[in-house]
Amino acid sequence: MQIQTGLEAGVEGALLKADVRELDFYYGAFHALKRVSMPIYDHKVTALIGPSGCGKSTLLRCFNRMHDLYPGNRYAGGGIVLFPDDTNLLAPGVDPIEVRMRISMVFQKPNPFPKSIYENVAYSLRVRGMSNKNELDDRVESALKGAALWNEVSNRLKELGANLSGGQQQRLCIARALASDPEIILFDEPTSALDPIATASIEELITELKEKVTILIVTHNMQQAARISDYTGYMYLGEMVEFGVTDQIFIKPQKKATEDYITGRFG
Amino acid sequence: MLKAADLEAIRAIIARAKRWDLFFSLLGILSLMVGVLTFTVLFVDMAIQGVPRLSLDFFTSFPSRRAENAGILSAWVGTVLVMMVTALSAVPLGVAAGVYLEEYAPKNWMTDIIEINISNLAGIPSIVYGLLALGLFVYYFGFGQSILSAGLTLALLILPVIIVATREAIRAIPQSIHEGSYACGATTWQTVSDHILPYSSAGILTGVIIGMARAIGETAPIITIGALTFIAFLPTAPFAGDPPAGLFEWIFAPFTVMPIQMFNWTSRPEAAFTVNAAAAGFVLVFMTLAMNGLAIYVRYRLRKNIKW
């Protein structure tokens with residue numbers, strides 16, 4: 001379904017992959033997301049920016065129902081519709097595990113399992129019941145290639161994931177997220193625990209990955225959002241203040257609040 | 001500008017403050033010694049008395065009215081068999097309960113009450129477990145004064161230790177690993193069996209062995225359920241009888257255990273039996289220390305491959 005809003009300016013033929021519709025979310029009594037709406041375009045990088053506590057990570061973690069793991073969290077209205085099948089990810093009848101099989105995630109701090117490099121990547125295939133050795137080998141290899149890690153680890157697949165450097169560990173986690181061939185990958189501040197060189201390699205990887213998959217990234221680094229994203233949403237106090245094409249958000253924001261944040265007058 | 005006098009003053013303050021460091025470290029060493037030295041003195045005293053008595057005969061003889069002929073065969077065999085029943089029943093129950101509480105149980109007041117009570121269970125005097133077991137296992141279930149009753153009683157006794165150790169070992173796994181597994185699309189059971197149990201096994205095993213080390217020395221509940229103090233025969237060897245019923249004949253056999261044998265000997269008037277008791281005590285302490293040593297080794301081995 002082609003979208004024809006003003007948002008399209010400068011980005012041709014973007015298809016809608018998911019649509020956040022008037023989403024309300026509560027941590028216990030705390031109203032963390034207030035009627036948030038935003039589109040996620042297919043094979044594009046969408047960035048969420050905003051000061052700490054604005055709800056950007058909370059919104060990201062709605063996409064794979066991570067909030068379901070903890071008591072007291074509540075989706076209180078609206079939803080996230082995934083296309084092309086028009087499924088509301090937050091509908092009560094939808095199994096969070098099914099959602100996580102379609103949408104994978106890379107965390108803030110690299111979190112490889114204390115298993116071998118191979119088993120780390122293979123895990124997201126094993127939970128899907130894949131056990132054929134050749135098939136696993138192929139998928140692990142292509143995921144590691146996709147995450148630009150294959151050349152560094154091809155001869156040490158049996159070593160522990162934790163023996164890799166921080167940047168390599170994060171690419172290992174990206175390979176794990178990529179192996180299952182997801183529709184969307186969520187990145188939750190993926191470079192905040194990394195040095196500048198590792199950060200650059202991850203950013204480069206993310207821009208390459210959008211060939212294969214739709215990307216939603218939370219970042220507290222505005223330059224990073226400007227460098228790698230096609231669309232940007234600015235959030236503040238649980239609300240989506242402004243959403244648009246990244247260039248427009250950074251060069252000509254429509255709202256004063258966005259401009260204040262972008263220019264560093266606030267936040 | 002810093003003046004020489006100021007520097008002097010600062011040094012004086014540091015020196016004064018450091019006196020407390022010295023004071024506390026002395027106090028700490030003293031406190032430590034109270035525990036360590038007492039145990040060492042007891043153990044060495046027991047070893048001096050008992051070790052000369054140790055011989056192959058001591059391990060392969062039944063108790064006897066003549067001190068020099070008496071041995072601990074029925075006692076150590078009884079202890080080993082009771083411990084087997086304890087481990088086989090307490091470990092699956094304790095680990096399952098711990099995993100359930102950490103991973104599955106809804107967080108509500110019911111769970112809170114259960115959690116508080118599990119910690120309390122660990123503090124209940126062991127004789128109370130003995131009374132419970134006498135009524136429940138010995139009479140109600142009709143297990144009699146058997147290895148099975150004793151093993152299950154000790155299992156109840158160490159269950160809270162294993163549950164608490166399991167929960168602590170699980171909590172030591174970072175939240176990020178947990179979330180990483182779920183984010184891959186794993187179910188709770190997949191997360192438990194592929195991640196939680198393997199990564200917490202070192203901690204769980206340590207808890208199990210520490211619990212077993214406690215159980216091995218328990219006397220009161222075993223006496224309560226009616227362990228005999230004089231046994232001059234062995235139960236059928238485990239799993240050796242005619243299948244299927246014969247395989248489990250041993251668990252219904254009467255038995256005695258090391259601490260009871262010791263207790264029996266210390267209550268005899270002849271000095272020679274006191275030497276026997278010291279020798280048996282040495283063996284018991286050695287068994288306990290060996291189990292703790294095993295716990296340390298196992299933890300070291302399993303943790304080597306786990307880095308977050």
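Draft legend 1. View of the interface of chain B and chain A. Listed as interface residues are 18 residues of chain B and, on the opposing side, 21 residues of chain A. Listed by contribution, the elements that provide at least two residues to the side of chain B that touches chain A are α7 (175-183) and α8 (188-216) of chain B. Per-element accounting of the side of chain B that touches chain A gives the leading share, 6 residues, to α7 of chain B. Per-class residue counts for the side of chain B that touches chain A are 8 nonpolar, 7 polar and 3 charged.

Draft legend 2. Local environment of the sheet that holds strand β1 (residues 16-27) of chain A. Residue and element names in this part refer to chain A. One open sheet holds the 4 strands; their spatial order is β2-β1-β4-β5, and the pairing between them is antiparallel. If you trace the sheet from one side to the other, it starts and ends with β2 (30-41) and β5 (87-88), each paired once. Pairing between β1 and strand β4 (residues 73-82): 8 bridges, direction antiparallel. Directly across from aspartate 24, in β4, lies its bridge partner glycine 77. Contacting β1, β2 and β4, helix α1 (residues 56-63) runs over the sheet at an angle of about 65° to β2.

Draft legend 3. Main features of the domain arrangement of chain B. Residues and elements named next belong to chain B. As assigned here, chain B comprises domain 1 (4-51) and domain 2 (56-303). If you average the C-alpha positions of domain 1 and of domain 2, the two centres end up 36 Å apart. Between domain 1 and domain 2, the contact holds 6 residues from the first and 6 residues from the second. The residue inventory of the side of domain 1 that touches domain 2, partitioned by class, reads 4 nonpolar, 2 polar and no charged.

Draft legend 4. Representation of the pairing of strand β7 (residues 184-188) of chain A in the model. Residue and element names in this part refer to chain A. In terms of residue burial, β7 counts as a mostly covered element, since 5 of its 5 residues are buried. A two-sided burial pattern is seen for β7, the buried positions comprising Ile184, Leu186 and Asp188 on one face and Ile185 and Phe187 on the other. Across 4 bridges, strand β6 (residues 103-106) lies against β7 in parallel orientation. Bridging across to β7, serine 104 finds its partner in isoleucine 185. Here β7 runs beside strand β8 (residues 214-218); their pairing, made up of 5 bridges, is parallel. Residue pairing for β8: phenylalanine 187 is matched across the bridge by isoleucine 217. Once you follow β7 into helix α7 (residues 196-209) and on to β8, the crossover reads as right-handed.

The rules behind these values
- Along each chain, residue indices are assigned from 1 in the same order as the chain's sequence is written.
- Chain letters and ligand numbers both follow the written order, the letters beginning at A and the numbers at 1.
- With the structure being a predicted model, the display of local features is reserved for residues of pLDDT at least 70 and the display and counting of side-chain atom pairs for 80 or more, all residues being used for whole-chain, interface and lining totals.
- Contact between two residues is assigned whenever their backbone-derived C-beta positions fall within 7 Å.
- Helix numbering and strand numbering both begin at the N terminus, where a helix is a DSSP run of H or I of at least 4 residues and a strand a DSSP run of E of at least 2.
- Gly is placed with the polar residues, together with every amino acid not listed as nonpolar (Ala, Val, Leu, Ile, Met, Phe, Trp, Tyr, Cys and Pro) or charged (Asp, Glu, Lys and Arg).
- Here, strands pair whenever DSSP counts at least two bridges between them.
- A fitted line through C-alpha atoms serves as each axis, taken over the contacting stretch for helices, and the angle formed by two N-to-C directions is quoted from 0 to 180°.
- Bear in mind that the domain bounds are from an automatic or database domain assignment.
- Here the C-beta atoms are placed from the backbone, and a residue counts as buried if at least 20 other C-beta atoms lie within 10 Å of its own, exposed if 12 or fewer do, and partly exposed otherwise.
- Crossovers are marked right-handed if the path from the first strand over the helix to the second runs clockwise, as seen with the strands pointing away from the viewer.

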